[in-house]
Amino acid sequence: MRFPIQSPRSLFRRSTAKDDAMAGLVLGVESVPDGLASGLLAGVNPVSGMYAYLYGVVGGTLFTSTAFMAVQGTGAMAIIIADVDLGSRDDPARALFTLSMLTGVAMILAGVLRLGSFLRFVSNSVMTGFITAVGINIVLGQLDDFTGYEAEGGNRVIRAVDLLFNFWRIDLATTIVGALTIALIVWLQRTRLGALGLVVAIVAGSLLAALFNALDGDVPQVRDIANVPSGLPLITMPVLRDIPALLLPAVSLAFVGLVQGAGVSAGFPNEDGTPGDDSQDFVGQGAGNIVSGMFQGIPVGGSMSASSLAVSAGARSRTALLFAGLTMAVVILFLGPVVEFVAMPALAGLLIVVGVGTVKPARVVSVAKTGKVPLTVMSITLALTMLIPLQFAVVVGVGISVILFVVQQSSRLVVKRMVFHEDGSIEEVSPPEDLPGGEVVVIHPYGAIFFATTPALMAELPSVTPDSRHSVIVLRLRGIDEAGATILEALSAYATDLREVDSKLVIVTDNQRVIRQLRVTGTLEPIGENNVYRSTSLLGQTVRQAHNDALDWIRERDREDDVGRAHDDAEDPPDGEEPVDGEATAPEPSADEEDER
């Protein structure tokens, strides 16, 4: 891996500086209210969300391979943070920063160990259910700030029901501010303002809240729950004793952040054509989290919305993200007191728009139409994510994905018999149910071969009967990486059954590791060392050789049987005939014959 920070000069180019500065200005200004909203969504000091957006994007930009990946807060990660019981720690604020740094360590380890390939185990059904539930959770989680009514209940769904049955207790002024903000966001984003419409909508909603408060209203503002300092935070060290309790949430946050970051890598390729490196992007996101945690920010990850905003605003290189960080720093240093007057229902309105945008009905319908199994998996994941804390829902979702993967792979195994014709052609047919006598049956399974597919493979192999004498099963295992204990045990038992009827099993494989496993586990004992063939790079060459050798073996066994039968016939003459034996003696004379002599 080669990180951008290793070549500082490459981070600034005069040819793209103007476009990058303008894109950075747009992203930086928009990130201030968005960062506050992210902190609010996470249930922590909104200022920590703003700091995370600043330091996360700067720290990540210096290490990622994807130039336009903006490492900032995401709705899914914020929901997980909200479900972590930080209030039970001795120092909740430092526990939050420790969680950020621990998440960064988990991401860096995933990158160093190149665990990006494991993301394929997360099915589309699981991710669709998870993301849909996150979007709904975002909306439900903002209803208190949006309406001014603090609902009661153990989770967001119950609190939403409580609000529904107590709708007359909402604060009208607060609700009007939130509703106006939503309407302005939806409208202004369609105008020439584009993404800046978010900032304008937040400002308009906050001005209306200030007007209501001047008329004896009680619309909450950021200053009611936090003080925005006119300066940048000092470095904070982690609380080591909190690490065990925060380990599972950190791993869950890392997983969600990396999955979303992988989507950014795929959606925004580098302009110079250089391919993105998922593992390096993992490291970059980890670096962003460590920097965010050190400077009092919440956990962050690859943000699709922020990356999209930077690109649509004209970003030409990763320098745009550094300009965005610089813009945020200027706002915090010189406009900190102004930020305190941002209205809480305005931020809640922004998050409700984000939550609604997270839910993709077309994607949900697509998964539902795929089949009953994907629909069931998506529904279970959605329900669990709505009802249990997200750090546990993520673990359950991964478990469901792995189980689904195993089930799908085990059901996709197809077994064919290869029939070799005299003209050199090869025909694939279904294997026979029973193994006939005196035949060579070449079997080629298609699909993953592991413990879950072993029963399916063995069920497709011809059954061994007393009539299966002098036959050979040639099992072609091309493309298999390794043989597990389950498949080795099954092959050993099958080879033993063949030997009992004077037949045998032949293995053809292109992997030396499989051959070594056959040898060290004792599976070769019933098979025979000479009955394992190592394939060459020429397709079909080795299996043909094994097929021809098997035919010769059958002929040899038949000749041995013919000789054996001839010998038995000589020793056991038909009834009424005397045995012919060169050493036979004449019968002894009778008494009358002896007298005559």
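Residues numbered from 1 in each chain as written. Predicted model: local features only at pLDDT ≥ 70, side-chain atom pairs only at ≥ 80, totals over all residues. Heavy atoms only, no water.

Engineer: Provide a residue-level description of the overall build of the protein, including the pertinent values.
Structural biologist: A count of helices and strands for the protein gives 23 helices and 8 strands. Taking the principal axes of its C-alpha atoms as reference, the protein extends roughly 160 × 60 × 50 Å. Burial statistics for the protein: of 597 residues in total, 48% are counted as buried. Contacts in the protein between residues far apart in sequence, at least 24 positions, make up 82% of those at least 6 positions apart. (Helix = DSSP H or I, 4+ residues; strand = E, 2+ residues; numbered from the N terminus. Buried < 20%, exposed > 50% of the residue type's maximum accessible area, 1.4 Å probe, protein only. Contact = heavy atoms within 4.5 Å.)

Engineer: How would you sum up the packing of helix α5 (residues 124–141) against helix α15 (residues 361–370)? Please name residues and give values.
Structural biologist: With their axes 10 Å apart at the nearest point, α5 and α15 run at an angle of 145 degrees to one another. Handedness of the α5/α15 crossing: left-handed. Side by side, α5 and α15 meet where Asn124, Ser125, Met127, Thr128 and Thr132 of the first sit next to Arg363, Val364 and Val367 of the second. Taken together, the residues that form the contact of α5 with α15 break down as 3 nonpolar, 4 polar and 1 charged. (Axes fitted to C-alpha atoms, helices over the stretch in contact; angles between N-to-C directions. Left-handed = near helix turned anticlockwise from the far one by under 90°. Nonpolar A, V, L, I, M, F, W, Y, C, P; charged D, E, K, R; others polar.)

Engineer: Describe a nonpolar patch on the surface, listing the residues and the values that go with them.
Structural biologist: A cluster of nonpolar residues, Leu232, Leu326, Val330, Leu333, Phe334, Leu335 and Val338, forms a patch on the protein surface that exposes about 650 Å² of accessible area. By secondary structure assignment, the location of Leu333 is in helix α13 (residues 319–339). (Patch = residues over 30% accessible without salt bridge, like charges linked within 9 Å, V, L, I, M, F, W, Y side chains within 5 Å. Areas by Shrake-Rupley, 256 points an atom, 1.4 Å probe, with all protein chains shown as cover. Salt bridge = Lys/Arg side-chain N within 4 Å of Asp/Glu carboxyl O.)

Engineer: Quick rundown of the sheet that holds strand β3 (residues 414–420)? Include the residues and the values.
Structural biologist: In spatial order, the strands read β4-β3-β5-β6-β7-β8; together these 6 strands make up an open sheet with mixed pairing. Edge positions in the sheet fall to β4 (426–429) and β8 (532–534), since each has one partner strand and no second. Going across the sheet, the axis of each strand differs from the next one's by a mean of 25 degrees, ignoring polarity. Sheet topology places β3 next to β4; 4 bridges connect them, and they run antiparallel. Residue pairing across strands places Arg417 opposite Val429, the latter belonging to β4. In this fold helix α19 (residues 485–500) packs onto β6 (472–477) and β7 (504–509), with an angle of close to 140 degrees to the strand it touches most, β7. Taken strand by strand, helix α20 (residues 512–520) contacts β7 and β8, and its axis lies near 160 degrees from that of β8. (Pairing = 2+ DSSP bridges.)

Engineer: Report on the environment of Thr327, specifying residues and quantitative values.
Structural biologist: Secondary-structure assignment places Thr327 in helix α13. Considering only alpha carbons, one finds Thr327 and Val26, 301 residues apart in sequence, at a separation of 8.8 Å. Apart from residues lying up to four places away in sequence, Thr327 is in contact with Gly24, Leu25, Gly28 and Val29.

Engineer: Could you give an account of the pattern of salt bridges, naming the residues involved and the relevant values?
Structural biologist: Going through the model one piece at a time under the given rule, you end up with 11 salt bridges. Among the salt bridges present, the one from Asp83 reaches Arg156, with a minimum N-O distance of 3.4 Å. With a gap of 73 residues between them, Asp83 in helix α3 (residues 75–83) and Arg156 in helix α7 (residues 156–165) connect regions that are remote in the sequence. In this structure Asp83 comes out as partly exposed when scored by relative accessible area, which is 22%. Each of Arg469, Asp502, Arg557 and Glu560 takes part in a single network of salt bridges with overlapping partners.

Engineer: Any chance you could break down the side chain of Ser31 for me, citing the residues and the numbers?
Structural biologist: Positionally, Ser31 belongs in helix α1 (residues 14–41). Sequence-distant contacts of Ser31, that is, excluding residues within four places in its chain, are made with Tyr53, Gln72 and Met328.

Engineer: Mind laying out the packing of aromatic side chains, listing which residues take part and the relevant values?
Structural biologist: Scanning the model with the defined rule gives 3 aromatic pairs in all. Ring geometry for Tyr55 and Phe295: centres 4.4 Å apart, planes at 10 degrees, overall stacked. Here Tyr55, found in helix α2 (residues 46–61), pairs with Phe295, found in the loop between α11 (278–294) and β2 (301–303); they are 240 residues apart in sequence, far enough to count as distant. Of the two residues, Tyr55 and Phe295, both sit in the buried class. (Phe/Tyr/Trp six-rings, centres within 6.5 Å; stacked < 30°, edge-to-face > 60°.)

Engineer: Describe in detail unusual backbone geometry, supporting the description with residues and values.
Structural biologist: Located in the positive-phi region is Asp216, a residue other than glycine, with phi close to 70 degrees. If you trace the backbone, Asp216 turns up in the loop between α9 (196–214) and α10 (243–267). Even without a glycine there, the phi angle at His470 is positive, about 55 degrees.

Engineer: Report on the pairing of β3, specifying residues and quantitative values.
Structural biologist: Both β3 and strand β5 (residues 440–446) contribute to a ladder of 5 bridges, which runs antiparallel. The residue of β5 that forms the bridge with Arg417 is Ile443. Counting the residues between successive antiparallel strands, the hairpin from β3 to β4 contains 5 residues, one of them, Gly424, with a positive phi of roughly 95 degrees.

Engineer: Please provide a residue-by-residue account of the nonpolar core, values included.
Structural biologist: By size, the foremost hydrophobic cluster in this structure holds 89 residues, and its most contacted members are Met50, Ile81, Leu86 and Leu347. Among the nonpolar cores identified, the runner-up in size contains 27 residues, and Val441, Leu475, Leu477 and Tyr494 belong to it. (Core = buried A, V, L, I, M, F, W, Y, C linked by side-chain atoms within 4.5 Å.)

Engineer: Could you give me a rundown of α13, with the residues and numbers involved?
Structural biologist: Here α13 spans only 26 Å end to end across 21 residues, well under the 30 Å set by a 1.5 Å rise per residue. Along α13, the helix axis deviates most sharply at Leu333, where the bend reaches about 60 degrees; the proline Pro337 sits within four residues downstream. (Expected span 1.5 Å × (residues − 1). Bend = angle between axes of the 7 residues up to and from the residue.)

Engineer: Tell me what's going on with the confidence of the model for the protein, and back it up with residues and numbers.
Structural biologist: Close inspection of predicted coordinates is inappropriate for parts of the model with low pLDDT. The predicted model of the protein averages 84 in pLDDT, with 91% of residues at 70 or higher. When pLDDT is averaged over each helix and strand of the protein, the minimum, 49, is found for helix α23 (residues 591–596) and the maximum, 94, for helix α4 (residues 92–112). Low confidence marks residues 580–586, where pLDDT is under 50. Its contacts with residues over four positions away, or in another chain, come to 0 contacts. Within the model, the stretch residues 593–597 combines pLDDT values under 50 with 2 contacts to residues more than four positions away or in other chains. (pLDDT = per-residue confidence, 0-100.)

Engineer: I'd like a description of the pairing of β6, backed by residues and values.
Structural biologist: Counting buried positions along β6 gives 6 out of 6 residues, so the element sits mostly inside the fold. Of the two faces of β6, both are covered, the one formed by Val472, Val474 and Arg476 as well as the one formed by Ile473, Leu475 and Leu477. Crossover handedness for the path β5 to helix α18 (residues 454–460) to β6: right-handed. Alignment of β6 against β7, held across 6 bridges, turns out to be parallel. Counterpart to Val474 in the pairing with β7 is Val506. (Right-handed = clockwise from strand over helix to strand, strands pointing away.)

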